[in-house]
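Examination of the molecular architecture
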Amino acid sequence: MALHLLFQIDPGHYSLNKKIIRSRANRLMGILQLQTSQVSMVFMSDPEISTYNRKYRRRKRPTNVLSFPAGDYPPEIAPSSSKELGDVLISVDTAAREIQGVNKSLHDRLTELMIHGILHLLDYDHERSDEEARRMQEKEKKIFQRIKGFRSTSMVKLAVNVDHVATVREARGITEPDPVLAAGICELAGASGIVVHLREDRRHINDRDVRLLRRIVKTKLNLEMASAREIIDIAVEIKPDMVTLVPEKRKELTTEGGLNVSGNRKKLRNTISEMEKAGIPVSLFIDPDQKQIKAAKEIGATFVELHTGRYCDAMTAQERNLEFRMIEEAAEIACDAGLQVNAGHGLDYRTTSRIAALETIEELSIGHAIITRAVFVGLNQAVREMLALLKPSFQEH
Ligand code: PXP
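Keep in mind that what you see is a predicted model, and the values were worked out from it rather than measured.

About the thresholds
Residues numbered from 1 in each chain as written. Predicted model: local features only at pLDDT ≥ 70, side-chain atom pairs only at ≥ 80, totals over all residues. Heavy atoms only, no water. Core = buried A, V, L, I, M, F, W, Y, C linked by side-chain atoms within 4.5 Å. Buried < 20%, exposed > 50% of the residue type's maximum accessible area, 1.4 Å probe, protein only. Contact = heavy atoms within 4.5 Å. Helix = DSSP H or I, 4+ residues; strand = E, 2+ residues; numbered from the N terminus. Near = heavy atom within 4 Å. Polar contact = N/O pair within 3.5 Å; in protein donor to acceptor, adjacent residues only side chain to side chain. Areas by Shrake-Rupley, 256 points an atom, 1.4 Å probe, with all protein chains shown as cover. Nonpolar A, V, L, I, M, F, W, Y, C, P; charged D, E, K, R; others polar. Salt bridge = Lys/Arg side-chain N within 4 Å of Asp/Glu carboxyl O. Axes fitted to C-alpha atoms, helices over the stretch in contact; angles between N-to-C directions. Parallel < 35°, antiparallel > 145°, perpendicular 65-115°, else oblique. Left-handed = near helix turned anticlockwise from the far one by under 90°. Pairing = 2+ DSSP bridges. Expected span 1.5 Å × (residues − 1). Arc of directions from axis to C-beta.

**What about the nonpolar core?**
Residues Leu284, Ile361, Leu364, Ile370 and Val383 are the most contacted members of the largest nonpolar core, which totals 80 residues. In contact with Leu364, not counting residues within four places along its chain, are Val156, Lys157, Leu158, Ala159, Ala343, Leu347, Thr352, Ile355, Ala356 and Leu390. Counting residues in hydrophobic clusters, the runner-up holds 36 residues, among them Leu3, Met29, Ile99 and Met136.

**Quick word on the environment of Phe303**
Note that Phe303 resides in strand 10 (residues 303-307). Between the C-alpha atoms of Phe303 and Ser283, which are 20 residues apart in sequence, the distance is 4.2 Å.

**Quick notes on the site of the ligand**
Residues in close proximity to the ligand total 15 residues, the closest being Glu224, Thr255, Glu305, Gly346 and Gly367. Within the side chain of Glu224, one N or O atom sits 2.6 Å away from an oxygen atom of the ligand. When isolated, the ligand has an accessible area of 390 Å², and the protein chains bury 95% of it. Classifying every residue of the shell around the ligand gives three nonpolar, nine polar and three charged.

**Considerations on the pattern of salt bridges**
Using the criterion set out here, one finds 33 salt bridges in the structure. Across the pair Arg27 and Glu332 runs a salt bridge, and its minimum N-O distance is 3.7 Å. Here Glu332 lies in helix 13 (residues 317-336) and Arg27 lies in helix 1 (residues 18-31), a separation of 305 residues in the sequence. Each member of the pair Arg27 and Glu332 is classed as buried. One salt bridge in this structure joins Glu230 and Arg202, with 2.5 Å as the shortest N-O distance. With a gap of 28 residues between them, Glu230 in helix 9 (residues 229-238) and Arg202 in the loop between strand 6 (193-197) and helix 8 (207-216) connect regions that are remote in the sequence. Overall, the relative accessible area of 40% leaves Glu230 in the partly exposed class. Using a relative accessible area of 19% as the deciding quantity, one classes Arg202 as buried. Look at the salt bridges and you will find they share partners, linking Arg24, Arg27, Asp108, Lys148, Arg325, Glu328, Glu332 and Asp336 into a network.

**Here's the deal with the environment of Ser50**
Residue placement: Ser50 occurs in helix 2 (residues 46-57). For the pair Ser50 and Thr63, spaced 13 residues apart in sequence, the C-alpha separation works out to 6.9 Å. Reaching out from Ser50, the side chain makes a polar contact with the backbone oxygen of Asp46 at a distance of 2.8 Å.

**Focus: the packing of helix 4 (residues 106-121) against helix 5 (residues 130-148)**
One way to put it is that helix 4 packs onto helix 5 with a least axis distance of 10 Å and a crossing angle of 130°. Viewed along their axes, helix 4 and helix 5 adopt a mutual orientation that is oblique. Regarding helix 4 and helix 5, the two cross each other, and that crossing is right-handed. Within the contact between the two elements, helix 4 uses Asp108, Thr111, Glu112, Ile115, His116, Leu119 and His120 and helix 5 uses Met136, Lys139, Glu140, Ile143, Phe144, Ile147 and Lys148.

**Focus: the sheet that holds strand 9 (residues 282-286)**
The strand order 5-6-7-8-9-10-11-12 describes a closed barrel built from eight strands, whose pairing is parallel. On average, adjacent strands in this sheet sit at an angle of 25° to one another, irrespective of strand direction. Of the pairings in the sheet, the one linking strand 5 (residues 157-161) to strand 6 comprises three bridges and is parallel in character. Residue Ala159 lies in a different strand from strand 6, and its bridge partner there is Gly193.

**As for helix 16 (residues 379-390)**
Taking 1.5 Å as the rise per residue, helix 16 with twelve residues should run 16 Å; its terminal C-alpha atoms sit 17 Å apart, in good agreement. Those residues of helix 16 that sit buried are Leu379, Ala382, Val383, Met386, Leu387, Leu389 and Leu390. An end-on view of helix 16 places all buried positions within 155° of arc, on one side of the element. Contact partners of the buried residues in helix 16: strand 5, helix 7 (179-189), helix 14 (352-356), strand 12 (363-366) and helix 15 (368-377).

Put into structure tokens, the structure is as follows:
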């Protein structure tokens, strides 16, 4: 397969991630089984695409996408070999204008235009008839979903963090409420996993909880922990279904930021290999940052959990959109690198559905919002209400 991508615009101007575009274009070629074809895609500005639009379609304005099937080329971009399928020209300026006021990323709009352009090369033409337009639109939708759909299940999974049931127990220093019982209720309500953070200071979850949870959790037990000797030994002995390594500071109220994986490769690599020997997959809790994703892959993590805290804490819609786009991009880059992607921290009943709609994300880890709602509506109901928000019908794109 020969796919030539040419960026004739400054990608920095629109925060365009060439890696994402390249990997989506490759996936598109794979889905359409164009492995033996040659296609060029040129990402250009409005003035440039206007020149082609004027010359070959006699239209004065810019357009979003132009396709030139092989044999139908303008002489200046004529193919060197007859095996070529053709060229797709895309205006990034127009694509950026088209998403204004619409909840869609530039990467997604460009992906739609790549699909549209290539289908034209394959002789789909929405201008031929209404029937053809419908057929093309349906095909576009299906391809888009396949390009974006990394997840093994149609709905994101919910893992409930029951730490704060133990926080309430510890406030009295007695035995109730019991996080072990809470875990059972969460599972009965439909949660796909239980998460607990065994902190070095044992401020909420303690050793007895983890041991009992290992015995009663029927779904999946994810042990959140620091890469600390004492806790590593407990994990290796208890064998949770997975562990999530987090940075841990004694004075913090909750986990504050993601791990600095690139700065702690040796230590984290050693922990991962100890877990590997015990048959325990490891997730690294990281900020949505390409450098950390690359380092996580290099040191052998199976999962990354993307920190959603800044997205949840955003004070304005603009800031939230920006943080959301960072998570969206990071999740895609991590998937492409072959990592499985989870996300969590700070998610609540208003912020979760948008993250759940990202088909790159396998599982969400949610604690505080569910446990606090449970005080008023009961734990069973609180879990069910969160699950309802994860259903694709609730999600906006
Ligand atoms: N993921 C990680 C790594 C965490 O440390 C926490 C908090 O314990 C969560 C998810 C859940 O965050 P929250 O309680 O805000 O839902």
